[in-house]
Amino acid sequence: MKGFTSVRGLGETELSSLIDRAMEFATASASRKPLSGRSVATLFFERSTRTRLSFQSAAEKLGAHVLDLDPTSSSTGKGESLRDTVMTLSAIGAEIFIVRHAESGIPDLVADWSGAPVVNAGDGTREHPTQALVDLVTLRRHFGSLRGLKLGVVGDIRHSRVAGSLFYAMPAMGVEVTAIGPPDFLPSSPIDGIGVTTELDPVLGDLDVVYMLRVQTERGAVVGDSYATEFGLHSRRASLLGEKSVVMHPGPLNRGVEISDEVADGPRSLILQQVRNGVPARMAVLASLEESLV
Ligand code: NCD
């Protein structure tokens, strides 16, 4: 692969090969270190815990050296342009860039400027492709196969880059997806193959996976007190789920808003499995960039 800034346009063959590779990394440590002696730069212009640390861990397990830019203490804080920052890191030796930014499209710009492979670690409200891969790996490990699974993505879809990747990656692997939320949170225009509803309870019994999203107040989402009752996943609502159905959430959780403690920490929750699969899934992405390094 030349980079991983979007899942749009990736088919079953490409995604399956990344999932298979991640499954191998999840069950055995890397016997070869494909990024040995390479430098990987992490540029996180938005806060992150699991994505940033799992990328760093993945890069290290593959033998790479990590150059971690801290935007609060680096020259970006003195007004240096993003392009100058990227060119500076390239000159220091960064060969792969991992980028998170509040503005959609920045990872592709970094790729144009640097000519290096770039991995999108979340851009604005557009995409978070490695989260979608993490979720595919998590579902494959849990259910054994993906085709035919029914997944409901619930909540603040409009501001969610995770949804922006799930809506393309899941159908590509044969997963049926329904977007569920209040009208203001639903996609602003229809997406091919994605069902849409404003009513959660009537569809719950039919879902294999309920994927809860965080209400993104930092991107302008506003909810009233009734949101937790109407769209939150709490014990009473979770009791409407089928026996084998599972609950997911990309984190961080707004406990008591979109998900209750009992459900987040309960037996159906795959939330920590998602975090665990973050390292092997990101190892699969980084390892597949080896071929495009000079
Ligand atoms: C997501 C993100 O940052 O886009 N979190 C994550 O990477 N695990 C989702 C969110 O912030 O709600």
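Residues numbered from 1 in each chain as written. Predicted model: local features only at pLDDT ≥ 70, side-chain atom pairs only at ≥ 80, totals over all residues. Heavy atoms only, no water.

(A) Up close: the site of the ligand. Every residue near the ligand is listed here: Arg50, Thr51, Arg100, His128, Gln131, Arg161, Val162, Arg214, Gln216, Pro250, Gly251 and Pro252. Taking Thr51, its side chain carries an N or O atom lying 2.9 Å from an oxygen atom of the ligand. The side chain of Arg100 places a nitrogen or oxygen atom 3.0 Å from an oxygen atom of the ligand. Here the ligand has 310 Å² of accessible area as a free molecule, and 95% of this is covered by the chains. Looking at the shell around the ligand, the elements that each hand over two or more residues are helix 2 (50–61) and helix 6 (161–172). (Near = heavy atom within 4 Å. Polar contact = N/O pair within 3.5 Å; in protein donor to acceptor, adjacent residues only side chain to side chain. Areas by Shrake-Rupley, 256 points an atom, 1.4 Å probe, with all protein chains shown as cover. Helix = DSSP H or I, 4+ residues; strand = E, 2+ residues; numbered from the N terminus.)

(B) Region of the structure containing the packing of helix 1 (residues 12–27) against helix 5 (residues 129–143). Axis separation between helix 1 and helix 5 bottoms out at 10 Å; the angle between their running directions is 70 degrees. Put simply, helix 1 runs roughly perpendicular to helix 5. Both helix 1 and helix 5 take part in a crossing whose hand is right-handed. Judged by residue contacts, Leu15, Leu18, Ile19, Asp20, Ala22, Met23 and Ala26 of helix 1 engage Leu133, Leu136, Val137, Arg140 and Arg141 from helix 5. Among the residues making up the contact of helix 1 with helix 5, the classes are represented as 9 nonpolar, no polar and 3 charged. (Axes fitted to C-alpha atoms, helices over the stretch in contact; angles between N-to-C directions. Parallel < 35°, antiparallel > 145°, perpendicular 65-115°, else oblique. Left-handed = near helix turned anticlockwise from the far one by under 90°. Contact = heavy atoms within 4.5 Å. Nonpolar A, V, L, I, M, F, W, Y, C, P; charged D, E, K, R; others polar.)

(C) Representation of the packing of helix 1 against helix 11 (residues 271–287) within the structure. Their axes nearest at 8 Å, the elements helix 1 and helix 11 cross at an angle of 120 degrees. When the axis of helix 1 is compared with that of helix 11, the two are oblique. For the crossing formed where helix 1 meets helix 11, the hand is right-handed. Counting all contacts with helix 1, which are made through Leu18, Arg21, Ala22, Phe25 and Ala26, the residues of helix 11 involved are Pro280, Ala281, Met283, Ala284, Val285 and Ala287.

By themselves, these are just geometric observations and shouldn't be taken as functional.
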